Amino acid sequence: MASASESVINERAQHFLKVLIERYIQDGTPVGSRTLARDSGMNLSPATIRNVMSDLEEMGLITSPHTSSGRIPTVSGYRFFLDFLVTLKQPGQTRGRWGRSRLPRLHPMHSPS
């Protein structure tokens with residue numbers, strides 16, 4: 001199994017790894033080549049995507065929990081995702097569902113000491 005570093009993994013493989021991990025985090029189910037073909041925004045066949053997925057699997061970044069299922073990220077895949085593929089935003093730059101006004105208010109008797 002080859003070691004995965006940013007310089008070894010081409011841009012296309014990095015993109016598919018990012019999409020696969022984001023989809024897996026969202027759904028919690030193995031991600032197949034058809035899902036990646038649809039979600040990646042790239043006009044590639046599922047067969048081409050399966051080849052990229054095979055390369056990522058050889059590098060130890062993804063694995064297949066069952067013979068006929070999609071792929072899931074490994075610990076190494078998550079580490080690569082966090083180290084090289086995630087872009088963090090400053091808290092003020094996002095408008096999530098949980099704005100300050102939506103956070104639960106603590107009653108004075110229940111506030112931390």
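What counts, and where the lines are drawn
- Residues numbered from 1 in each chain as written.
- Predicted model: local features only at pLDDT ≥ 70, side-chain atom pairs only at ≥ 80, totals over all residues.
- Heavy atoms only, no water.
- Helix = DSSP H or I, 4+ residues; strand = E, 2+ residues; numbered from the N terminus.
- Contact = heavy atoms within 4.5 Å.
- Areas by Shrake-Rupley, 256 points an atom, 1.4 Å probe, with all protein chains shown as cover.
- Salt bridge = Lys/Arg side-chain N within 4 Å of Asp/Glu carboxyl O.
- Expected span 1.5 Å × (residues − 1).
- Buried < 20%, exposed > 50% of the residue type's maximum accessible area, 1.4 Å probe, protein only.
- Polar contact = N/O pair within 3.5 Å; in protein donor to acceptor, adjacent residues only side chain to side chain.
- Core = buried A, V, L, I, M, F, W, Y, C linked by side-chain atoms within 4.5 Å.

Details of the overall build of the protein
At step 1: The secondary structure content of the protein amounts to four helices and two strands.
At step 2: Taken from the N to the C terminus, the helices and strands of the protein come in the order α-α-α-β-β-α.
At step 3: In the protein, once contacts between residues fewer than 6 apart in sequence are set aside, the share between residues at least 24 apart is 54%.
At step 4: Total accessible area computed for the protein in this model is approximately 8400 Å², and 50% of it derives from carbon and sulfur atoms.

Quick look at the pattern of salt bridges
At step 1: All chains considered together, the criterion is met by six salt bridges.
At step 2: With a shortest N-O distance of 2.4 Å, Asp-27 and Arg-23 are connected by a salt bridge. Taken together, the positions of Asp-27 and Arg-23, both in helix H1 (residues 11-27) and four residues apart, correspond to about one turn of that helix.
At step 3: One connected set of salt bridges, linked through shared partners, spans Arg-23, Asp-27, Arg-38 and Asp-39.

Re H1
An α-helical turn contains 3.6 residues, so a residue and the one three or four places further along point in the same direction.
At step 1: End to end, H1 covers 24 Å across 17 residues, agreeing with the expected 24 Å (1.5 Å per residue, within 8%).
At step 2: Those residues of H1 that sit buried are Ala-13, Gln-14, Phe-16, Leu-17, Val-19, Leu-20 and Ile-21.
At step 3: In this structure, the buried residues of H1 make contact with helix H2 (33-39), helix H3 (46-58), strand E1 (62-63), strand E2 (72-73) and helix H4 (75-85).
At step 4: For H1, the capping residue at the N-terminal end is Asn-10, with a side-chain oxygen 3.1 Å from the backbone nitrogen of Arg-12.
At step 5: Positive phi shows up at Gly-28, right after H1, with a value of about 75°.

Details of the nonpolar core
At step 1: Membership of the largest hydrophobic core comes to 20 residues, with the highest contact counts inside it found for Ile-9, Leu-17, Leu-20, Leu-36, Leu-56 and Leu-61.
At step 2: Mapped by element, the contributors of at least two residues to this core are H1, H2, H3 and H4.
At step 3: With six residues, the single largest contributor to this core is H1.
At step 4: Residues in contact with Leu-17, not counting those within four places in the same chain, are Leu-56, Leu-61, Ile-62, Gly-77, Phe-80 and Leu-85.

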